[in-house]
Amino acid sequence: MSASSKHVNAVKTFLQTSRGFSSEETVKFYDTWAPTYEQDIGELSYQSHQLAVDCLQAYFSGSPEEVRVLDVACGSGCVAKLMAELGFKHFVGVDGSRGMLEQAARSDLYQELKLALLGTQPLPAETGTFDVVILAGGFGEGFVPVSVVRELCNAAKPGGWVCISGGAHSITPSAYEKDLERELKLLEEEGSWRLVGTKETDRYMEDPYVNPEKEDDRFIKGVAYMFRKCTQ
């Protein structure tokens with residue numbers, strides 16, 4: 001077994017057990033994972049970053065080169081790299097892992113990179129300052145808490161865009177997933193934002209709970225949401 005395959009198997013084991021992890025344990029794992037993160041997610045067929053950017057591209061209107069983007073749970077910078085190909089130039093990244101931020105800095109795409117453990121620390125962004133706020137794959141049990149949804153909306157300018165992507169990691173929605181859906185809809189009901197559209201995929205990533213050599217349907221589904229913040 002190659003060193004890369006061994007690391008991918010370690011990642012799968014982490015994903016299988018991470019629901020019981022503390023925030024500090026999760027950050028420690030990501031610090032260790034950072035140097036091989038992009039290679040490993042390729043082997044896992046992880047599509048959250050691409051799904052989010054595809055959704056953004058489908059619904060965003062404006063001049064990409066002029067807008068400010070807040071990349072939340074930015075990791076090593078995968079979202080910014082994809083958005084840069086579309087002409088976006090101004091990025092601020094936030095992540096809880098110092099190791100991931102060190103990788104993101106090497107991309108030379110971010111004007112600022114900020115260390116913050118979301119849920120235990122507030123999102124380091126002034127209210128109403130970003131044209132685009134994007135979070136790809138960060139929501140999940142043991143990761144970014146549901147309460148951060150409201151902070152994403154607050155960070156966007158009136159009329160700004162908020163894009164969120166994630167995977168369905170269980171056949172039956174978990175309590176976390178139900179809470180997340182409830183919070184997304186609540187912000188609509190409150191008049192904070194409106195849902196502009198969604199984008200779905202049947203191949204979000206390889207399911208870490210199945211054996212790819214024995215299971216034909218080894219991928220989980222994913223969805224990205226595009227919201228627009230209300231102006232009043």
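A few points on the structure.

## Describing helix α7 (residues 148-155)
Among the residues making up α7, those that are buried are V148, V149, L152, C153 and A155. Viewed along the axis of α7, the buried residues span an arc of 165 degrees, placing them on a single side of the element. Structurally, α7 contributes buried residues whose contacts are with β1 (68-72), β4 (130-136), β5 (156-167), α8 (175-189), β6 (193-206) and β7 (219-229).

## Focus on the nonpolar core
Y37, L56, F60, V69, M83, F88 and V132 are the most contacted members of the largest nonpolar core, which totals 37 residues. Grouped together as the second largest cluster of nonpolar side chains are 29 residues, A116, V133, C153 and F227 included.

## A few points about the state of the cysteines
In this structure the tally under the stated criterion is zero disulfides. With no disulfide of its own, C78 lies closest to C74 among cysteine sulfurs, the gap being 9.7 Å. With no disulfide of its own, C230 lies closest to C153 among cysteine sulfurs, the gap being 7.8 Å.

## A closer look at helix α2 (residues 23-33)
Since one α-helical turn is 3.6 residues long, residues separated by three or four positions face the same way. By the burial criterion, the buried members of α2 are T26, V27, F29, Y30 and W33. Down the axis of α2, the smallest arc covering the buried residues is 160 degrees, so these residues share one side. With respect to the buried face of α2, the exposed residues turned more than 90 degrees away are E24, K28 and T32.

## A few points about the environment of S76
Looking at the secondary structure, you find S76 in the loop between β1 and α5 (78-84). Sequence-wise, S76 and R106 are 30 residues apart; in three dimensions their C-alpha atoms are separated by 8.6 Å. Beyond its immediate stretch of four places on either side in the chain, S76 contacts Y37, E38, K81, M100, Q103 and A104. Within the structure, the side chain of S76 is placed 2.7 Å from the side chain of E38, a separation counted as a polar contact.

## Observations regarding the packing of α7 against α8
Their axes nearest at 9 Å, the elements α7 and α8 cross at an angle of 35 degrees. Viewed along their axes, α7 and α8 form a crossing whose handedness is right-handed. The segment α7 lies against α8, with V149, R150 and C153 engaging L180, E183, L184, L186 and L187. Residue composition of the contact of α7 with α8, by class: six nonpolar, no polar and two charged.

## Some remarks on the packing of aromatic side chains
Tallying each qualifying case throughout the model produces eleven aromatic pairs. Summarising the aromatic geometry, the rings of Y30 and W33 are spaced 5.3 Å apart at their centres and angled 50 degrees between planes, so their arrangement reads as tilted. Placement of both Y30 and W33 in helix α2 is noted, with a separation of three residues, approximately one turn of the helix. As far as burial versus exposure is concerned, Y30 and W33 are alike and both buried.

Definitions and limits used
Residues numbered from 1 in each chain as written. Predicted model: local features only at pLDDT ≥ 70, side-chain atom pairs only at ≥ 80, totals over all residues. Heavy atoms only, no water. Buried < 20%, exposed > 50% of the residue type's maximum accessible area, 1.4 Å probe, protein only. Helix = DSSP H or I, 4+ residues; strand = E, 2+ residues; numbered from the N terminus. Arc of directions from axis to C-beta. Contact = heavy atoms within 4.5 Å. Core = buried A, V, L, I, M, F, W, Y, C linked by side-chain atoms within 4.5 Å. Disulfide = S-S within 2.5 Å. Polar contact = N/O pair within 3.5 Å; in protein donor to acceptor, adjacent residues only side chain to side chain. Axes fitted to C-alpha atoms, helices over the stretch in contact; angles between N-to-C directions. Left-handed = near helix turned anticlockwise from the far one by under 90°. Nonpolar A, V, L, I, M, F, W, Y, C, P; charged D, E, K, R; others polar. Phe/Tyr/Trp six-rings, centres within 6.5 Å; stacked < 30°, edge-to-face > 60°.

Read these as geometric descriptors, not functional statements.
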